[in-house]
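Structural features, examined
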Amino acid sequence: MRFIFVLAALLLALLPLVNAADFFYNDVTGTAQWEEPDFPVSYEDDEGRKYWFDKSKDESVWEYPGKWTEVHSEEHGQPYYFNKETKESTWEQPEETAWRRVVNKDGE
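This section reports on the structure supplied with the text. (Residues numbered from 1 in each chain as written. Predicted model: local features only at pLDDT ≥ 70, side-chain atom pairs only at ≥ 80, totals over all residues. Heavy atoms only, no water.)

1. Details of the nonpolar core
Keep this limit in mind: Side-chain atoms within 4.5 Å link the members of a nonpolar core, which is a set of buried Ala, Val, Leu, Ile, Met, Phe, Trp, Tyr and Cys residues. Summary of the burial criterion: residues with accessible area below 20% of their type's maximum are buried, those above 50% are exposed, and those between are partly exposed, where the area comes from a 1.4 Å probe applied to protein chains only. Contact definition: two residues touch when any of their heavy atoms are within 4.5 Å.
Judged by nonpolar contacts, W52, V61, Y64, W68 and Y81 together constitute the single largest core of 5 residues. Excluding anything up to four places from it in sequence, Y64 contacts F39, P40, W52, K84, E96 and T97.

And the structure:
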């Protein structure tokens, strides 16, 4: 009987961890997955500002650590994306920059 109470207490203690599981979502492709993608994933701080974790430097950075950078167009009032390697620019967000971590806080 005591074993059942211990097991129940353990399950109740672990339940919040299951409900708060992170997953990854790509805003461009609509792909959702449990595994961390090969590209940098964006996070948001408490004020809603986006940042990334740069694995090569082992630190968090404010600018996307890949070949693309987001630039705000004053003329058009919206962002565009510039590839630092190819010098290409596009209004469409590249798939690799669109990954974000989603934390399921409410168990939904």
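Back to the write-up after that little detour.
2. Regarding the pattern of salt bridges
Just so we agree on the cut-off: Salt-bridge detection follows one rule: a side-chain nitrogen of Lys or Arg within 4 Å of a carboxyl oxygen of Asp or Glu. The helix and strand labels rest on DSSP assignments: H or I over at least four residues marks a helix, E over at least two residues marks a strand, and numbering proceeds from the N terminus.
One pass over the structure, following the stated rule, counts 6 salt bridges. A salt bridge links R100 to D27, with the shortest nitrogen-to-oxygen separation between them at 3.0 Å. Of this pair, R100 sits in strand β9 (residues 99-103) while D27 sits in the loop between β1 (22-26) and β2 (32-33), and the two are 73 residues apart along the sequence. Residue D27 is classed as partly exposed on the basis of its relative accessible area, which comes to 41%. What emerges from the salt-bridge pattern is a single network uniting D45, E47 and R49.

3. A short note on the layout of surface pockets
What counts, and what does not: Both site types are read off a 1 Å grid over the protein atoms alone. A 1.4 Å probe that fits but cannot get out defines a cavity, while an open set with protein on both sides within 12 Å along at least five of seven lines defines a pocket; lining residues have an atom within 4 Å of a point. Grid points are joined across faces, edges and corners, and a volume is the space filled by probe spheres set on the points. Each residue gets one of three labels, nonpolar for Ala, Val, Leu, Ile, Met, Phe, Trp, Tyr, Cys and Pro, charged for Asp, Glu, Lys and Arg, and polar for the others, Gly among them.
In this structure, the largest pocket occupies an estimated 200 Å³ of space. Lining the largest pocket are 13 residues; nearest its centre among them are S42, Y43, E44, R100 and R101. Contributions of two or more residues to the lining of the largest pocket are made by β3 (42-44) and β9. If you tally residues by element for the lining of the largest pocket, the top one is β9, at 5 residues. Classifying every residue of the lining of the largest pocket gives 5 nonpolar, 3 polar and 5 charged.

Spatial relationships are all this shows, so hold off on functional conclusions.
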